[in-house]
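Read off the chains here:
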Amino acid sequence: AVGADGNVSVSGMSGYVPGCRGGGGGYDVWALRFDAAGNQLWQFTIGKSAEDYGQTAQIDSAGNTYISGLAGDYEGGVLSSSSSRSGFLLKINSAGDVQYFKNYRELSWVRTAALDAQGNSYLISDYWPESGEKVTGSFIGVLDKIDTLGAKTWSQKVVTDSTTWSPSEGMLLGVALSTDGKTVYVTGWSQAVFAGQERIGMQDAFLAAYDTNGTLI
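Residues numbered from 1 in each chain as written. Predicted model: local features only at pLDDT ≥ 70, side-chain atom pairs only at ≥ 80, totals over all residues. Heavy atoms only, no water.

K.L.:
Any chance you could explain the packing of aromatic side chains here in plain terms?
P.N.:
Aromatic ring pairs: the centre-centre distance and the angle between the two ring planes describe each pair. Counted according to the given criterion, the structure contains three aromatic pairs. Judged by centre distance (5.9 Å) and plane angle (25 degrees), the ring pair of Trp-42 and Phe-44 falls under stacked. Phe-44 shares its class with Trp-42; the two are buried. Relative to Phe-101, the ring of Phe-88 lies with its centre 4.9 Å away and its plane at 15 degrees, an arrangement referred to as stacked. Of this pair, Phe-88 sits in strand β9 (residues 86-92) while Phe-101 sits in strand β10 (residues 98-104), and the two are 13 residues apart along the sequence. Of the residues examined, Phe-88 reaches a relative accessible area of 0% and is grouped as buried. Among the residues examined, Phe-101 registers a relative accessible area of 6% and is labelled buried. (Phe/Tyr/Trp six-rings, centres within 6.5 Å; stacked < 30°, edge-to-face > 60°. Buried < 20%, exposed > 50% of the residue type's maximum accessible area, 1.4 Å probe, protein only. Helix = DSSP H or I, 4+ residues; strand = E, 2+ residues; numbered from the N terminus.)

K.L.:
Is there a simple way to think about the environment of Ser-108 in this case?
P.N.:
Relative to the helices and strands, Ser-108 is located in strand β11 (residues 107-115). Between the alpha carbons of Ser-108 and Ser-86 there is a distance of 4.9 Å; along the sequence they are 22 residues apart.

K.L.:
Can you walk me through the sheet that holds strand β15 (residues 170-177) in this structure?
P.N.:
Across a sheet, strands are paired by hydrogen bonds formed along the backbone, either parallel or antiparallel in direction. Sheet architecture is open: three strands sit in the order β15-β16-β17, paired in antiparallel fashion. The strands lining the two open edges of the sheet, one partner per strand, are β15 and β17 (204-211). Between one strand axis and the next, the sheet turns through 20 degrees on average, direction left out of account. Bridge count between strand β16 (residues 183-190) and β17: eight bridges; the pairing is antiparallel. Looking at β17, one finds that Trp-189 is bridged to Ala-205. (Pairing = 2+ DSSP bridges. Axes fitted to C-alpha atoms, helices over the stretch in contact; angles between N-to-C directions.)

K.L.:
How should I be thinking about the sheet that holds strand β5 (residues 53-59) in this particular structure?
P.N.:
Across the sheet, which stays open at both edges, the four strands sit in the order β5-β6-β9-β10 with antiparallel pairing between neighbours. At either end of the open sheet lies a strand with only one pairing partner, and these are β5 and β10. Direction aside, neighbouring strands of the sheet carry axes that sit 20 degrees apart on average. Where β9 meets β10, six bridges bridge the pair, whose relative direction is antiparallel. In the sheet register, Ile-92 faces β10, and the bridge partner there is Val-98.

K.L.:
Sorry, what's going on with the side chain of Lys-145 here?
P.N.:
Assignment of secondary structure puts Lys-145 in strand β13 (residues 138-146). No salt bridge is formed by the buried Lys-145; its nearest oppositely charged neighbour, Asp-116, is found at 4.9 Å. A distance of 3.4 Å separates polar atoms of two side chains, one belonging to Lys-145 and the other to Tyr-122. In contact with Lys-145, not counting residues within four places along its chain, are Asn-120, Ser-121, Tyr-122, Ala-151, Lys-152, Thr-153, Trp-154 and Thr-212. (Lys, Arg positive; Asp, Glu negative; His and termini not counted. Salt bridge = Lys/Arg side-chain N within 4 Å of Asp/Glu carboxyl O. Polar contact = N/O pair within 3.5 Å; in protein donor to acceptor, adjacent residues only side chain to side chain. Contact = heavy atoms within 4.5 Å.)

K.L.:
Is there a simple way to explain the pairing of β11 in this structure?
P.N.:
Successive side chains on a regular strand alternate, one facing one side of the sheet and the next facing the other. Here seven bridges tie β11 to strand β12 (residues 121-127), and the two strands are oriented antiparallel to one another. Note on β12: the bridge partner recorded for Leu-107 is Tyr-127. Where β11 folds back onto β12 in an antiparallel hairpin, the turn is made up of five residues, including Gly-119, whose phi is positive at roughly 90 degrees.

K.L.:
How should the pairing of β16 be read in this particular structure?
P.N.:
The sheet contact formed by β15 and β16 spans seven bridges and is antiparallel. Residue pairing across strands places Gly-174 opposite Thr-187, the latter belonging to β16. Remark: five residues form the turn of the hairpin made by β15 and β16, two consecutive strands paired antiparallel; Gly-181 in that turn has positive phi of roughly 75 degrees.

K.L.:
Got a minute to help me understand the nonpolar core in this structure?
P.N.:
Nonpolar side chains in soluble globular proteins generally cluster together in the buried interior. Leu-143, Val-158, Leu-172, Val-175, Val-186 and Tyr-210 are the most contacted members of the largest nonpolar core, which totals 15 residues. Contributing elements (two or more residues each) for this core: β12, β13, β14 (152-160), β15, β16 and β17. When residues of this core are assigned to their parent elements, the largest contribution, three residues, is made by β17. The contact partners of Val-186, leaving out residues within four places of it in the chain, are Ile-124, Leu-143, Leu-172, Gly-174, Val-175, Phe-206, Leu-207, Ala-208 and Tyr-210. Formed by 13 residues, the second largest nonpolar core is a distinct cluster that contains Tyr-66, Leu-89, Tyr-100 and Leu-115. (Core = buried A, V, L, I, M, F, W, Y, C linked by side-chain atoms within 4.5 Å.)

Written out as structure tokens, the structure reads:
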């Protein structure tokens, strides 16, 4: 991601990085910041013994970086065992200091994200029902709106007209905002059919549009 000042934030995963803050073994979430000339400003890793991934990076107008992906739970400044991994959103200020690290347990893996002018994040993710949750109908992923403090504003499942739920019926792959910031676009693929649509092939691409309150347009 490139900020208004030309600085660049990058996310990914890495093993041991000499001289880098944090990290716990295996693959860790890796976050880096560079100035417009390519000089590294900061970097650190967050992770435990299993594999944790930084999937995407965004920069807001204040220079804060937002990293999302898959990682263990982060509570009280300590990242827990990666056996309980879920989708996350990490906010880092321009100096490289963590502002918050939030896990969202129903998000099994945040695939990518978009950021609006107010600093709200829109996350798309695979979905895995929580223990004891009864799933009705069929959906292939979830779109969440997260406010500037990391609290969930709303959550919207992307639903097909299949009568049975299966985690392999499709995947959300992209999310973007319109230029006026009033529409959220979601793309991906599906083996099932959306209401009012016809199947073209075995796996069809799709585009869905939502308003900023989570209502399908």
